[in-house]
Amino acid sequence: MILPIYLYGSQVLRTPAQEDDLSDREGLRKLIDDMVETMHHADGCGLAAPQVGVSKRILVVDGNDLTDRFPELKGFHREMINPRFTFESEETSSYEEGCLSIPNVDADITRPAKVRIRYVTTGFEEVEEEFEGFAARMLQHEMDHLDGVLFTDHASPIRRKMLTGKLMNISRGNVRTRYRVKTDKK
Ligand code: NI
């Protein structure tokens, strides 16, 4: 089922999400399937549960549409429950990011180049994996959503200032998207 995506300005995007207690496995799988379907429908490469109004520590990423720029992302798809960083490199990298909750906005964001994440899979196994390159960036962007942080928070002060009007419009729902969106107001 395709879910509406909450836009910048919505309270749920600023609320730190709760760990899932893993008691309702069927419900979790259904939510994650819906998140993947919603992400693909919106042509996104990542989605976190708060973006569909669910304040839980769950994220999905898929790099298969990005293989023109990042051939190494062929086949890259992860679904993570209760992910947490176990390592973030001191080395950083910078690249342009966007977000389905902040349509038509981009900014260069500096992040650790490499991360290790421990998480629960949809098969309910606990695993730890290391990521680098754009995969590491996608995952850090989605992990931020679980803490109520948006990529624009990391943009340079001058870039943030330039985006103020655009962000204001988005929070009012004054933005065109090809996918269904939601704000706290409507
Ligand atoms: Ni995002």
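Here's a quick rundown of the structure. Only a predicted model underlies this, so the values are computations on that prediction, with no experimental measurement involved. (Residues numbered from 1 in each chain as written. Predicted model: local features only at pLDDT ≥ 70, side-chain atom pairs only at ≥ 80, totals over all residues. Heavy atoms only, no water.)

**Some words on the layout of surface pockets**
In this approach the atoms are scanned with a rolling probe the size of a water molecule, which exposes any empty space left behind.
Turning to step 1, where the next piece is worked out: Within this model, the largest pocket holds a volume of roughly 630 Å³.
Turning to step 2, where the next piece is worked out: In terms of lining residues, the largest pocket is bounded by 27 residues, among which Cys-45, Glu-97, Gly-98, Cys-99 and Leu-100 are the most central.
Turning to step 3, where the next piece is worked out: Going through the elements one at a time, β5 (92-99), β6 (102-112) and α2 (133-146) are the ones with two or more residues in the lining of the largest pocket. (1 Å grid on protein atoms, 1.4 Å probe; cavity = no way out; pocket = protein on both sides within 12 Å on 5 of 7 lines; lining within 4 Å. Points joined across faces, edges and corners; volume = space filled by probe spheres on them. Helix = DSSP H or I, 4+ residues; strand = E, 2+ residues; numbered from the N terminus.)

**What about the sheet that holds strand β2 (residues 46-48)?**
Turning to step 1, where the next piece is worked out: In spatial order, the strands read β2-β3-β4-β7-β8; together these 5 strands make up an open sheet with antiparallel pairing. Of all the strands in the sheet, the pair left with one neighbour each is β2 and β8 (126-132). Between one strand axis and the next, the sheet turns by 40 degrees as a mean value, whatever way the strands run.
Turning to step 2, where the next piece is worked out: As paired elements, strand β3 (residues 58-62) and strand β4 (residues 77-88) share 5 bridges and run antiparallel to each other. Across the sheet, residue Val-61 finds its bridge partner in β4, namely Arg-78.
Turning to step 3, where the next piece is worked out: The strands that helix α1 (residues 25-41) touches are β2, β3 and β4; relative to β3, the one it contacts most, it runs at about 40 degrees.
Turning to step 4, where the next piece is worked out: Packed onto the sheet, α2 meets β2, β3, β4, β7 (114-120) and β8 and runs at close to 155 degrees relative to β3. (Pairing = 2+ DSSP bridges. Axes fitted to C-alpha atoms, helices over the stretch in contact; angles between N-to-C directions. Contact = heavy atoms within 4.5 Å.)

**Some details on the pattern of salt bridges**
Turning to step 1, where the next piece is worked out: The final tally for this structure, using the stated rule, is 14 salt bridges.
Turning to step 2, where the next piece is worked out: With its nearest N and O atoms 2.8 Å apart, the salt bridge here joins Asp-147 to Arg-57. Highlighted residues: Asp-147 in the loop between α2 and α3 (157-171) and Arg-57 in the loop between β2 and β3, separated in sequence by 90 residues.
Turning to step 3, where the next piece is worked out: Overall, the relative accessible area of 41% leaves Asp-147 in the partly exposed class.
Turning to step 4, where the next piece is worked out: Note on Arg-57: relative accessible area 14%, which makes it buried. (Salt bridge = Lys/Arg side-chain N within 4 Å of Asp/Glu carboxyl O. Buried < 20%, exposed > 50% of the residue type's maximum accessible area, 1.4 Å probe, protein only.)

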